[in-house]
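Structure at a glance
Residues per chain, in single letters:
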Amino acid sequence: MVPSSQGGADYREGGATAPGQAVADELEAAEPAEAFETREARVQPAQHGERLDKVLVALAPEFSRSHLQHLVEQGHVLLDGVPATTSSRRLKSGQQLALQLVPTDESRAFRPEPMALAPLYEDEHLLVLDKPAGLVVHPAAGHWAGTLLNGLLAHHAGAAALPRAGIVHRLDKDTSGVMMVGKTLPAVTALVRAIAAREVHRRYLAIAQGNLQEDGFSVEAPIGRDPRNRLRMAVVAGGKPARTDVACLARRDGFLALRCTLHTGRTHQIRVHLASRGLPLVADGLYGGRPALGLERQALHANELELTHPVSAKPLAFVCPPPPDFAAAWAAAGAQATMPPNKQR
């Protein structure tokens, strides 16, 4: 196959459009907000009868076959000027092929996206913010855009030069509350070391389902990937050490209002440890919880954060009250709504 446009693919937004203006214009109509390079070629006699996706691999070897199949499904491939929507279609010698080189979602993930952040504290080195439920912290499969990382890249210019835009710990998508971000490399380095040394203290509010007689307990059990379900974590032999202290603040009608203190920061730690005690979080379907008390997302809120400023060494402490959905469920579970407003103390 001999491409009719010269040069390699342009992966950047706003990449140049290749020759063949009529074809390019038709392709651009499918993606009006962004312009991408269009690569064209004529099907050669040796390719007669070949599948469309196989020929596309020869035309754009920098893309995976699965991504090229996705581009076909999305209407980014034209055959004789008409969208070709079936990757298995057999081609004929002499047909004109046009492929719009739309980058993979993953390759476009680390770009600035302005979003409203809710800072609790900010200076040149440190940002402490109130993360809303529903916001993914870091790009991953299924969430390549609209993450906190994208927002941080738009929030300050220095984020682009930092590992993970300065993110040093994460909250799950549906967990709300306080988290910290480094804004300079010295701050990021110091925060990572402080977390590893367990010098950062985090407390959460949680609403669990079940019955509990005692007023508190600790779970010290290793956490690793669940061998039966790779989407879950579990208490497993050989997992990473993890400890959670739990205090019961109120109980009502089979619901428990809990304060959880982390001594380690494993993935899904509170969710896993409580579920291992038969106390799944309200609405945490992954670990056996069911929607209740008006909550459709897991009942977990990062309420308190204590740390030493990574540069000035000043002690800092933050209290972040939960959003309305959690606050209403918290009250329904019998707990007193006496938490102070967002503030540094």
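Cut-offs applied
- Residues numbered from 1 in each chain as written.
- Predicted model: local features only at pLDDT ≥ 70, side-chain atom pairs only at ≥ 80, totals over all residues.
- Heavy atoms only, no water.
- Helix = DSSP H or I, 4+ residues; strand = E, 2+ residues; numbered from the N terminus.
- Contact = heavy atoms within 4.5 Å.
- Areas by Shrake-Rupley, 256 points an atom, 1.4 Å probe, with all protein chains shown as cover.
- Buried < 20%, exposed > 50% of the residue type's maximum accessible area, 1.4 Å probe, protein only.
- Pairing = 2+ DSSP bridges.
- pLDDT = per-residue confidence, 0-100.
- Phe/Tyr/Trp six-rings, centres within 6.5 Å; stacked < 30°, edge-to-face > 60°.
- Lys NZ or Arg CZ within 6 Å of the ring centre and 35° of its normal.
- Axes fitted to C-alpha atoms, helices over the stretch in contact; angles between N-to-C directions.
- Arc of directions from axis to C-beta.
- Salt bridge = Lys/Arg side-chain N within 4 Å of Asp/Glu carboxyl O.
- Core = buried A, V, L, I, M, F, W, Y, C linked by side-chain atoms within 4.5 Å.
- Parallel < 35°, antiparallel > 145°, perpendicular 65-115°, else oblique.
- Left-handed = near helix turned anticlockwise from the far one by under 90°.
- Nonpolar A, V, L, I, M, F, W, Y, C, P; charged D, E, K, R; others polar.

**Focus on the overall build of the protein chain**
- What the protein chain contains, in helices and strands, is seven helices and 16 strands.
- The long-range share in the protein chain, meaning contacts at least 24 apart out of those at least 6 apart in sequence, stands at 63%.
- In the structure as shown, the protein chain presents an accessible area of about 16100 Å², 51% of it carried by carbon and sulfur atoms.

**Re the pairing of strand 7 (residues 176-182)**
- Most of strand 7 is tucked away, with seven of its seven residues classed as buried.
- With six bridges joining them, strand 6 (residues 126-131) and strand 7 adopt antiparallel strand pairing. Counterpart to Leu127 in the pairing with strand 7 is Val181.
- Alignment of strand 7 against strand 14 (residues 300-308), held across two bridges, turns out to be parallel.

**Some points on the environment of Ala299**
- Inspection of the secondary structure puts Ala299 in the loop between helix 6 (269-276) and strand 14.
- Through-space distance from the C-alpha of Ala299 to that of Ala206 is 5.5 Å; in sequence the pair is 93 residues apart.
- Once residues lying within four places of it in the same chain are set aside, the contact partners of Ala299 are Leu205, Ala206, Ile207, Leu281, Val282 and Phe326.

**With respect to the confidence of the model for the protein chain**
- The predicted model of the protein chain has a mean per-residue pLDDT of 87, with 87% of residues at 70 or higher.
- Here residues 1-33 scores under 50 on pLDDT; set against residues more than four positions off or in separate chains, the count is 78 contacts.
- Contacts for the low-pLDDT stretch residues 338-342, under 50 throughout, to residues beyond four places or in other chains number 13 contacts.

**Observations concerning the packing of aromatic side chains**
- Tallied over the full model, the rule gives two aromatic pairs.
- Ring centres of Phe326 and Trp330 lie 5.8 Å apart, and the angle between their planes is 25 degrees; this geometry places the pair in the stacked category. Here Trp330 and Phe326 lie together in helix 7 (residues 324-332), a separation of four residues that amounts to about one turn.
- Note on Phe326: relative accessible area 0%, which makes it buried.
- Of the residues examined, Trp330 reaches a relative accessible area of 2% and is grouped as buried.
- In this arrangement the basic side chain of Arg277 is found over the ring face of Phe217, its NZ or CZ atom lying 4.1 Å from the centre.

**Digging into the sheet that holds strand 2 (residues 77-79)**
- If you trace the four strands from one edge of the open sheet to the other, you get 1-4-2-3, paired in antiparallel fashion. Strands at the two margins of the open sheet, each flanked by one partner only, are strand 1 (38-42) and strand 3 (82-83).
- Bridging between strand 1 and strand 4 (residues 96-100) involves five bridges; their strand directions are antiparallel. Each residue of the ladder has a partner; that of Arg39, found in strand 4, is Leu99.
- Packing against the sheet, helix 2 (residues 52-59) makes contact with strand 1, strand 2 and strand 4, and its axis sits at approximately 70 degrees to strand 4.

**What to know about helix 2**
- Inspection of helix 2 places Leu52, Asp53, Val55, Leu56 and Leu59 among the buried residues, and these make up the whole buried set. All buried residues of helix 2 fall inside an arc of 160 degrees around its axis, so they share one side.

**Structural notes on the pattern of salt bridges**
- Using the criterion set out here, one finds 16 salt bridges in the structure.
- In this structure, Arg65 and Asp53 form a salt bridge, with 3.2 Å as the shortest nitrogen-oxygen distance. On the criterion of sequence distance, the pair formed by Arg65 in helix 3 (residues 65-73) and Asp53 in helix 2 is long-range, its members being twelve residues apart.
- Under the relative-accessibility criterion, Asp53 is labelled buried at 0%.
- Through salt bridges with shared partners, one network takes in Arg203, Arg259, Glu304 and Glu306.

**Thoughts on helix 6**
- Counted residue by residue, helix 6 has six buried out of eight residues, so it is predominantly covered.
- Within the span of helix 6, buried status applies to Gln269, Ile270, Arg271, Val272, His273 and Leu274.
- The positive-phi residue at the C-terminal boundary of helix 6 is Gly278, with phi of around 75 degrees.

**Remarks on the side chain of His268**
- For His268, the location among the structural elements is in the loop between strand 13 (255-262) and helix 6.
- Contact partners of His268, with chain neighbours within four places excluded, come to Asp172, Leu231, Met233, Leu286 and Tyr287.

**Side note on the nonpolar core**
- In this structure, Val128, Met180, Leu258, Leu274, Leu307 and Phe318 are the most contacted members of the largest nonpolar core, which totals 50 residues.
- Listed in part, the 20 residues of the second largest apolar core include Ala41, Ala60, Ala84 and Leu99.

**Considering the packing of helix 2 against helix 3**
- At a closest axis distance of 9 Å, the pairing of helix 2 and helix 3 adopts a crossing angle of 115 degrees. Accordingly, the angle class assigned to the pair helix 2 and helix 3 is roughly perpendicular. By crossing handedness, the relation of helix 2 to helix 3 is classed as right-handed. Of the residues in helix 3, those touching helix 2 at Leu52, Asp53, Lys54, Leu56 and Val57 are Arg65, Leu68, Gln69 and Val72.
- Across the contact of helix 2 with helix 3, the residue classes tally to five nonpolar, one polar and three charged.

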